[in-house]
2 protein chains.
Amino acid sequence: MNSTHVGSSHPAHDLPKLTKNQGLVFDVLSAEAGPMTAYAILDALRSEGFKAPLQVYRALDKLVEFGIVHRLESLNAFVACSHPGCAQNETAAFAICERCGGVNEFTPEKAVECLQAWADGAGFAPSRTTIELRGTCRDCMAAA
Amino acid sequence: MNSTHVGSSHPAHDLPKLTKNQGLVFDVLSAEAGPMTAYAILDALRSEGFKAPLQVYRALDKLVEFGIVHRLESLNAFVACSHPGCAQNETAAFAICERCGGVNEFTPEKAVECLQAWADGAGFAPSRTTIELRGTCRDCMAAA
DNA sequence: CGTGTAAATGTTATATTATTACACATATAG
DNA sequence: CTATATGTGTAATAATATAACATTTACACG
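Residues numbered from 1 in each chain as written. Chains lettered and ligands numbered in written order. Predicted model: local features only at pLDDT ≥ 70, side-chain atom pairs only at ≥ 80, totals over all residues. Heavy atoms only, no water.

> Which residues make up the protein's contact with DNA strand C, and what values do they have?
In the region of DNA strand C, 16 residues are neighbours, and Thr19, Gln55 and Arg58 of chain A together with Tyr39 and Arg71 of chain B sit closest. For DNA strand C, the backbone portion of the atoms within 4 Å of the protein, that is sugar and phosphate, comes to 46%. Within the side chain of Gln55 of chain A, an N or O atom sits 2.6 Å from a phosphate oxygen of DNA strand C. Per element, the largest residue contribution to the surface near DNA strand C is 4 residues, and it comes from helix α3 (residues 53–66) of chain A. For the surface near DNA strand C, the per-class residue count stands at 5 nonpolar, 6 polar and 5 charged. (Near = heavy atom within 4 Å. Polar contact = N/O pair within 3.5 Å; in protein donor to acceptor, adjacent residues only side chain to side chain. Helix = DSSP H or I, 4+ residues; strand = E, 2+ residues; numbered from the N terminus. Nonpolar A, V, L, I, M, F, W, Y, C, P; charged D, E, K, R; others polar.)

If you want it as structure tokens, here you go:
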């Protein structure tokens, strides 16, 4: 039940111990195959006593800050990071299948370098970068 | 303003004729320096007789489909395309300044190639790609 | 041990963003 | 003309997110 995920494979930041609500939200998200909306998480946690969206949003804010949950901007939804010891300093990218709803996370290092090169040239200092591909995954293509 | 790379690999001037509402929405967005939310557009068009969000959303759907307006997923807002003859086949990227709200559109060809290479390997067929950098622009960095 | 302070939580209300449903109007191809 | 696509008007509601304020808990430090 408890998500003490203390991989500490990332020395730069140790992962803070999660609070009760953060742990509950993280557990629900981790148990789900795909992304969940904040309200879906809320519903999943009503049995644990959750009553208001803010309880979810506050926990999500922290989890995203810790780098162990990602927000999918194009879906207004959230996923647990699929990296083992989630490297929160890396920019993640997501391939979102519009047919089955599945999400595949990957680390587009080369693409990020290209974007960083543009940013350097433009004098833009990125703090976070969103990369989301919407489309059709291999399985759904095959099933077409 | 950079990002004037002209793909020019598309049939020029095949802009569909805009309907009344589409034209009104496009004009408002074009006159604005930065991004606007749907409701900001609605307010701007009340004097033209707009009364309901759907009038805006329907026009925006078409304008985005035509490729002359982009949706900024991380802001839930919209911008007119900054390309002259907007190449709707190219993936645009956006550098969004969190300090001044300014948005700079560019065409990250190399980065898109890298993402496409990943997609090819994964058997994922992208239909649209979102690339948004949040951060601080040159001017705001200087003013810090 | 207390105690001060920062963080987390509980709760109500409200703001913001987006869609459903249905009626009617207009454009355009055949 | 007339069938059909698409666009429009309007009301109601759904879905997503935050503000404001009271209270509780974690925890460093004297």
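Here the narrative resumes.
> Explain the protein's contact with DNA strand D to me, using residue names and the numbers behind them.
As a structural note, the neighbourhood of DNA strand D is formed by 16 residues, with Tyr39, Leu54 and Arg71 of chain A together with Gln55 and Arg58 of chain B the closest of them. The sugar and phosphate moieties of DNA strand D supply 49% of its atoms located within 4 Å of the protein. Take Lys62 of chain B: an N or O atom from its side chain is 3.5 Å from a phosphate oxygen of DNA strand D. The dominant element in the surface near DNA strand D, judged by the number of residues it contributes, is helix α3 (residues 53–66) of chain B, at 4 residues. A per-class count over the surface near DNA strand D returns 5 nonpolar, 6 polar and 5 charged.

> Before we move on, can you summarise the side chain of Glu73 of chain B with the specific residues and values?
Tracing the backbone through its elements, the reader meets Glu73 of chain B in the loop between β1 (69–72) and β2 (77–80). For Glu73 of chain B, the side chain forms a polar contact with the side chain of Arg71 of chain B, separated by 3.2 Å. At 3.5 Å, the side chain of Glu73 of chain B forms a polar contact with the side chain of Arg128 of chain B. The contacts of Glu73 of chain B, once residues within four sequence positions are left out, are Glu73 and Ser74 of chain A together with Arg128, Thr130 and Glu132 of chain B. (Contact = heavy atoms within 4.5 Å.)

> Break down the interface of chain B and chain A for me, citing the residues and quoting the values.
Facing the 35 residues of chain B at the interface are 34 residues of chain A. Together chain B and chain A conceal approximately 2900 Å² of surface at their shared face, both sides included; 62% is due to carbon and sulfur atoms. For the interface between chain B and chain A, the tally reads 2 salt bridges. Linking Arg128 of chain B and Glu98 of chain A is a salt bridge whose minimum nitrogen-to-oxygen distance equals 3.8 Å. Run the count over chain B and chain A and you get 14 residue pairs in polar contact (both at pLDDT 80 or more). Elements with a minimum of two residues in the side of chain B that touches chain A: β3 (93–97), β4 (103–106), α4 (109–122), β5 (125–136) and α5 (138–142) of chain B. (Buried area = accessible area lost by both parts, 1.4 Å probe. Salt bridge = Lys/Arg side-chain N within 4 Å of Asp/Glu carboxyl O.)

> Could you give an account of the state of the cysteines, naming the residues involved and the relevant values?
All names here are of chain A. Going through the model one piece at a time under the given rule, you end up with 0 disulfides over all chains. Cys140 takes part in no disulfide bond, and the closest cysteine sulfur to it belongs to Cys137, at a distance of 3.7 Å. With a relative accessible area of 10%, Cys140 lands in the buried category. (Disulfide = S-S within 2.5 Å. Buried < 20%, exposed > 50% of the residue type's maximum accessible area, 1.4 Å probe, protein only.)

> If you had to explain the pattern of salt bridges to someone new, which residues and values would you point to?
Two side chains bearing opposite charge may form a pair once their charged atoms approach each other closely. The tally for this structure, following the rule as stated, stands at 12 salt bridges over all chains. Across the pair Glu73 of chain A and Arg128 of chain A runs a salt bridge, and its minimum N-O distance is 3.5 Å. Within this pair, whereas Glu73 of chain A is found in the loop between β1 (69–72) and β2 (77–80), its partner Arg128 of chain A is found in strand β5 (residues 125–136), the two being separated by 55 residues in sequence. Using a relative accessible area of 7% as the deciding quantity, one classes Glu73 of chain A as buried. Look at Arg128 of chain A and you get partly exposed, because its relative accessible area is 39%. Note that Arg46 of chain B is salt-bridged to Asp43 of chain B, the shortest N-O span being 3.1 Å. Look at the salt bridges and you will find they share partners, linking Arg71, Glu73 and Arg128 of chain A together with Glu98 and Arg134 of chain B into a network.

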